[in-house]
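A look at the structure
This is what each chain is made of:
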There are 2 protein chains.
Amino acid sequence: MKETAQYLLALYIAEQRRSPPIPSGHLAEMLDRSPAATTEMLQRLESEKLVDREPYHGAMLTETGRERGEELHETYVALSWFFRTVLDLDSHEQEAMEMAGLMSQSVAQRLVTLLLDENEQPNPSVDTRQDNH
Amino acid sequence: MKETAQYLLALYIAEQRRSPPIPSGHLAEMLDRSPAATTEMLQRLESEKLVDREPYHGAMLTETGRERGEELHETYVALSWFFRTVLDLDSHEQEAMEMAGLMSQSVAQRLVTLLLDENEQPNPSVDTRQDNH
DNA sequence: GCTACTATTTAGGCAAACCTAAATTATAAG
DNA sequence: CTTATAATTTAGGTTTGCCTAAATAGTAGC
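Residues numbered from 1 in each chain as written. Chains lettered and ligands numbered in written order. Predicted model: local features only at pLDDT ≥ 70, side-chain atom pairs only at ≥ 80, totals over all residues. Heavy atoms only, no water.

Looking at DNA strand C, there are 24 residues lining it, with Thr39 and Gln43 of chain A together with Met1, Ser34 and Arg44 of chain B nearest. Within the side chain of serine 24 of chain A, an N or O atom sits 3.2 Å from a phosphate oxygen of DNA strand C. Arginine 33 of chain B has a polar side-chain atom sitting 3.0 Å from a phosphate oxygen of DNA strand C. For the surface near DNA strand C, the secondary structure elements donating two or more residues are α2 (24–31) and α3 (35–47) of chain A together with α1 (4–17) and α3 (35–47) of chain B. In terms of residue count, the dominant contributor to the surface near DNA strand C is α3 of chain B (five residues). Residues belonging to the surface near DNA strand C are distributed by class as follows: eleven nonpolar, seven polar and six charged. (Near = heavy atom within 4 Å. Polar contact = N/O pair within 3.5 Å; in protein donor to acceptor, adjacent residues only side chain to side chain. Helix = DSSP H or I, 4+ residues; strand = E, 2+ residues; numbered from the N terminus. Nonpolar A, V, L, I, M, F, W, Y, C, P; charged D, E, K, R; others polar.)

What follows is the structure, encoded as structure tokens:
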């Protein structure tokens, strides 16, 4: 039941870029899964009242699903920032998406706080990149 | 095939504290799994030549298994340090064990490097704890 | 408004990990 | 040395998440 998070996050992100409902094929591509796997997972999420589905057209987050998706997105952004700025690693957005759903609430929350603090009063020594501008 | 890492790491840690072979029941307790699940996983690891098993007595890492276990342990230590010192979270060793096996090589490696750098020339502003001594 | 094409869903199967209960093996006590 | 107890393994089953192939629904061109 951990993989569900990835679909919620992908759906959340997709809904920011195009208007719902999001075709299952689009999610399948984002997550590198078969269309069939995506349909199946969306049905599971629907039964958990996290998404609304319009068969053959697409899916969209319910209110509850959007709340969860937003949390995941915050964590995802914080993780991406951490990978890029602290660990000096590019192109790790996919891993950030995967990990966002695997961390405990407390770790996720502290990580988000860390990013916010860092944006408020930047601390150059935290940014380990060679050339940060 | 991601859960296997946890057993390797637990076995690696157990082997530091007591002499091999490590009874499956001991691993089961460390990982909060049933004895049956542990036996099954050890058999799988054995078929992958990562552990040697002595039925009804216990298991020990092979050379290959120990290499992998050591990597996982480094990552685990770095993660524990990160949780405690950067995120100011205690009692997250269990989560560190779980996550150690889920991260990519590159992220794990950078995290370990970060810890080593930090030990060489400590940077107080990275340690976000209120009272660190 | 058909028809051909594309996208989605359904059907059927598989592998990884887990569990409980039953069987087996090891061990400790008398 | 035998037996009772404790630990481990085997047997049988479940859930999650994935896949391919077949069926179905939607859509665009004529």
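Moving on: the interface of chain A and chain B. Chain A puts 21 residues into the contact, and the matching count from chain B is 21 residues. Roughly 1600 Å² of surface becomes buried between chain A and chain B when both sides are summed, with 70% attributable to carbon and sulfur atoms. Of all residues in chain A, Leu87, Val107 and Arg110 of chain A bury the most surface against chain B, accounting for 30% of the area lost on that side. Viewed at the interface, chain B and chain A are joined by zero salt bridges. Between the two partners, chain A and chain B, sit four residue pairs in polar contact (both at pLDDT 80 or more). Elements with a minimum of two residues in the side of chain A that touches chain B: α4 (63–86), α5 (93–100) and α6 (105–120) of chain A. Ranked by the residues each element gives to the side of chain A that touches chain B, the list is headed by α6 of chain A, at five residues. The residue makeup of the side of chain A that touches chain B, split by class, is twelve nonpolar, six polar and three charged. (Contact = heavy atoms within 4.5 Å. Buried area = accessible area lost by both parts, 1.4 Å probe. Salt bridge = Lys/Arg side-chain N within 4 Å of Asp/Glu carboxyl O.)

Before going further, it helps to spend a moment on the protein's contact with DNA strand D. In the vicinity of DNA strand D there are 23 residues, among which Met1, Ser34 and Arg44 of chain A together with Thr39 and Gln43 of chain B approach most closely. Near the protein, meaning within 4 Å, the atoms of DNA strand D are sugar or phosphate in a fraction of 79%, with bases accounting for the rest. At 3.0 Å, a backbone N or O of lysine 2 of chain A approaches a phosphate oxygen of DNA strand D. Measuring from a base nitrogen of DNA strand D, one finds a side-chain N or O atom of glutamate 40 of chain A at 3.2 Å. Contributing elements (two or more residues each) for the surface near DNA strand D: α3 of chain A together with α2 (24–31) and α3 of chain B. Examining the composition of the surface near DNA strand D, we find that five residues originate from one element, α3 of chain A, more than from any other. By residue class, the composition of the surface near DNA strand D is eleven nonpolar, six polar and six charged.

The next point concerns the relation of the copies chain A and chain B. For these two chains of identical sequence, chain A goes onto chain B by a turn of 180° and a shift of 0.0 Å along the axis, with RMSD 0.0 Å. Between the two chains, the operation in question is that of a two-fold axis. Of the C-alpha atoms belonging to chain A, the one lying closest to the rotation axis is found on valine 126 of chain A, 3.2 Å away. Same-surface contact between copies: 100% of interface residues of chain A are shared with the interface of chain B. (Least-squares fit on C-alpha atoms with pLDDT ≥ 70 in both.)

Any two packed helices are characterised by the angle at which their axes cross and by the distance between the axes. All names here are of chain A. Contact geometry of α4 with α6 gives a least axis separation of 9 Å together with a crossing angle of 60°. Overall, the two elements α4 and α6 adopt an arrangement that is oblique. Helix-helix and strand crossings are classified by hand; for α4 and α6 the assignment is left-handed. Contacts between α4 and α6 pair Glu71, Glu74, Thr75, Val77, Ala78, Leu79 and Trp81 from the former with Gln105, Ala108, Leu111, Val112, Leu114, Leu115 and Glu118 from the latter. For the contact of α4 with α6, a count of residues per class yields nine nonpolar, two polar and three charged. (Axes fitted to C-alpha atoms, helices over the stretch in contact; angles between N-to-C directions. Parallel < 35°, antiparallel > 145°, perpendicular 65-115°, else oblique. Left-handed = near helix turned anticlockwise from the far one by under 90°.)

Residues and elements named next belong to chain A. On inspection of all chains with the given rule, the structure shows twelve salt bridges over all chains. Across the pair glutamate 63 and arginine 66 runs a salt bridge, and its minimum N-O distance is 3.2 Å. Taken together, the residues span about one helical turn, with glutamate 63 and arginine 66 both in helix α4 at a distance of three residues. When its relative accessible area of 30% is taken as the criterion, arginine 66 is described as partly exposed. One salt-bridge network, held together by shared partners, links Glu15, Glu63 and Arg66. (Buried < 20%, exposed > 50% of the residue type's maximum accessible area, 1.4 Å probe, protein only.)

Further remarks concern empty space enclosed by the protein. By the definition in use, this model includes one cavity of 30 Å³ or more. Considering only enclosed or pocket space, the largest cavity measures out at about 120 Å³ in volume. Around the largest cavity, the lining is made up of 15 residues, and of these Leu79 and Met99 of chain A together with Leu79, Phe82 and Met99 of chain B lie nearest the centre. Partitioning the lining of the largest cavity into residue classes produces 15 nonpolar, no polar and no charged. (1 Å grid on protein atoms, 1.4 Å probe; cavity = no way out; pocket = protein on both sides within 12 Å on 5 of 7 lines; lining within 4 Å. Points joined across faces, edges and corners; volume = space filled by probe spheres on them.)

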